[in-house]
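These are the residues of each chain, in order.
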Amino acid sequence: MRIVIPGGSGQVGHILARHFHTQGHTVTVISRSPRTAPWRVASWDGLTPGGWIADLEQSDVCINLAGRSVNCRYTAANRRSIYQSRIRSTRLLNEVIGSLNHPPRVWVNASTATIYRHASDRAMDEADGELGGSEAAAPDTWNFSIGVAKEWEEAFFSTPTPRTRKVAIRSAMTFSPDRGGVFDVFLGLVRHGLGGRQGSGTQFVSWIHEADFVRAVDLLIAREEFGGIVNLASPNPLP
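Here we summarise the structure given alongside this text. Computed from a predicted structure; not experimentally measured.

### Remarks on the overall build of the protein chain
At step 1: Tallying secondary structure elements over the protein chain gives six helices and nine strands in all.
At step 2: Taken over C-alpha atoms, the radius of gyration comes to 18 Å for the protein chain, in line with the 18 Å a tight globule of 239 residues would show.
At step 3: Principal axes of the C-alpha set define a box for the protein chain whose edges measure 55 × 35 × 35 Å.
At step 4: In the protein chain, of all internal contacts separated by at least 6 residues, the share reaching a separation of at least 24 is 70%.
At step 5: A total of about 12500 Å² of accessible surface is found on the protein chain, and carbon and sulfur atoms cover 53% of it.
At step 6: If the 25 positive side-chain charges of the protein chain are averaged to one point and the 22 negative ones to another, these points end up 6 Å apart.

Here you go:
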């Protein structure tokens, strides 16, 4: 297959690009910060059309992961970047994919399990999970993140693409041994003496192993019956 990964220069994008490249597929990563890689890397700004459109023409799969890292202080400038880098790039891809003569047959777009309310009473699934944003006394940072997630999915699904099946993945944190990834950040906290219980210690952490993540994406690409919202997480979150 020809697989195009906008925003694929981060941890999850590298995991997927490496996986597909090893399988023998033709992989193109589209990035605002292009770096040398074993696969093709094209440049974009996430805001305007460009030469990268040729990579999407006659591609089989688009996996959009574009978005500024949330591993930062939530200043006004960083919040604006977190929001715009997700919403505007997704709207741009809707415009471009809708104009292609031979668009990808499936478009997998990143979302986040953060969209659900903070729950210790039951698991949240695609069928009857409760979206967050209305919890009493929820911190402003929670509501900001939930608001971004909701608008991200709205930007993705708002424009019909009749020739391209759409799947939004509400993914938990992907754990891998790669430097700069989630596990690396957690390990850094432990090494600085900040491991152990956080707060009450009863809150659940949803996660997914990198091997299960790529296998799940493989399944979503292969199975035509998958569309709309899909959760990607281990079935056993840990406190």
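What follows continues from the structure just given.
### Here we look at a nonpolar patch on the surface
At step 1: On the surface, a nonpolar cluster with roughly 440 Å² of combined accessible area is contributed by M173, V185, F186, L189, L194 and V205.
At step 2: The leading source of residues in the nonpolar patch is helix α5 (residues 182–191), at three residues.
At step 3: Along the chain, the position of L189 falls in helix α5.

### Concerning the sheet that holds strand β5 (residues 106–110)
Sheet strands pair via backbone hydrogen bonds, and the direction of the pair is either parallel or antiparallel.
At step 1: Strand order across the open sheet formed by seven strands is β3-β2-β1-β4-β5-β6-β9, with parallel pairing between neighbours. Pairing within the sheet leaves two strands with one partner each, and these edge strands are β3 (40–43) and β9 (228–232). The mean angle between the axes of side-by-side strands here comes to 20 degrees, regardless of whether they run parallel or antiparallel.
At step 2: Sheet topology note: the strand β6 (residues 165–171)/β9 ladder contains five bridges and is parallel. From the neighbouring strand, R170 faces β9, where its bridge partner is N231.

### A few points about the environment of H102
At step 1: By secondary structure assignment, the location of H102 is in the loop between α3 (76–99) and β5.
At step 2: Take H102: its relative accessible area is 44%, and that puts it in the partly exposed class.
At step 3: Taking C-alpha positions, H102 is 4.8 Å from Q58, a pair spaced 44 residues apart along the chain.
At step 4: When near neighbours in sequence (up to four residues on either side) are disregarded, H102 contacts L56, E57, Q58 and S59.

### A closer look at the pattern of salt bridges
A side chain of one charge can pair with a side chain of the opposite charge when the charged atoms of the two come close.
At step 1: On inspection of all chains with the given rule, the structure shows 13 salt bridges.
At step 2: Among the salt bridges present, the one from R79 reaches D140, with a minimum N-O distance of 2.7 Å. Of this pair, R79 sits in helix α3 while D140 sits in helix α4 (residues 140–157), placing them 61 residues apart in sequence.
At step 3: With its nearest N and O atoms 2.9 Å apart, the salt bridge here joins R117 to E130. Remark: E130 occurs in the loop between β5 and α4 and R117 occurs in the loop between β5 and α4; sequence separation between them is 13 residues.
At step 4: Judged by its relative accessible area of 18%, R117 is buried.

### As for unusual backbone geometry
At step 1: Here the phi dihedral of Q58 falls at roughly 65 degrees; this positive angle occurs in a residue that is not glycine.
At step 2: Here Q58 is to be found in the loop between α2 (53–56) and β4 (61–64).
At step 3: The partly exposed category is assigned to Q58, whose relative accessible area is 46%.
At step 4: The phi angle at A137 is positive, at roughly 60 degrees, despite the residue not being glycine.

### Points about the pairing of strand β1 (residues 2–6)
At step 1: Of all five residues in β1, four are buried; the element is thus mostly enclosed.
At step 2: Each parallel crossover has a hand, and for β1 linked through helix α1 (residues 11–22) to strand β2 (residues 26–31) it is right-handed.

### Looking at the nonpolar core
At step 1: By size, the foremost hydrophobic cluster in this structure holds 28 residues, and its most contacted members are I5, L16, F20, I63, F213, V217 and L232.
At step 2: Element by element, the count of residues in this core is highest for helix α6 (residues 210–222), at five residues.
At step 3: Discounting chain neighbours no more than four positions away, the residues touching F213 are V12, L16, I169, S171, T174, I208 and L232.
At step 4: With 16 residues, the next largest nonpolar core counts W44, C62, L92 and V96 among its residues.

Quick notes on the rules
- Residues numbered from 1 in each chain as written.
- Predicted model: local features only at pLDDT ≥ 70, side-chain atom pairs only at ≥ 80, totals over all residues.
- Heavy atoms only, no water.
- Helix = DSSP H or I, 4+ residues; strand = E, 2+ residues; numbered from the N terminus.
- Rg over C-alpha atoms; globule rule 2.2 N^0.38 Å.
- Contact = heavy atoms within 4.5 Å.
- Areas by Shrake-Rupley, 256 points an atom, 1.4 Å probe, with all protein chains shown as cover.
- Lys, Arg positive; Asp, Glu negative; His and termini not counted.
- Charge placed at Lys NZ, Arg CZ, Asp CG, Glu CD.
- Patch = residues over 30% accessible without salt bridge, like charges linked within 9 Å, V, L, I, M, F, W, Y side chains within 5 Å.
- Salt bridge = Lys/Arg side-chain N within 4 Å of Asp/Glu carboxyl O.
- Pairing = 2+ DSSP bridges.
- Axes fitted to C-alpha atoms, helices over the stretch in contact; angles between N-to-C directions.
- Buried < 20%, exposed > 50% of the residue type's maximum accessible area, 1.4 Å probe, protein only.
- Right-handed = clockwise from strand over helix to strand, strands pointing away.
- Core = buried A, V, L, I, M, F, W, Y, C linked by side-chain atoms within 4.5 Å.

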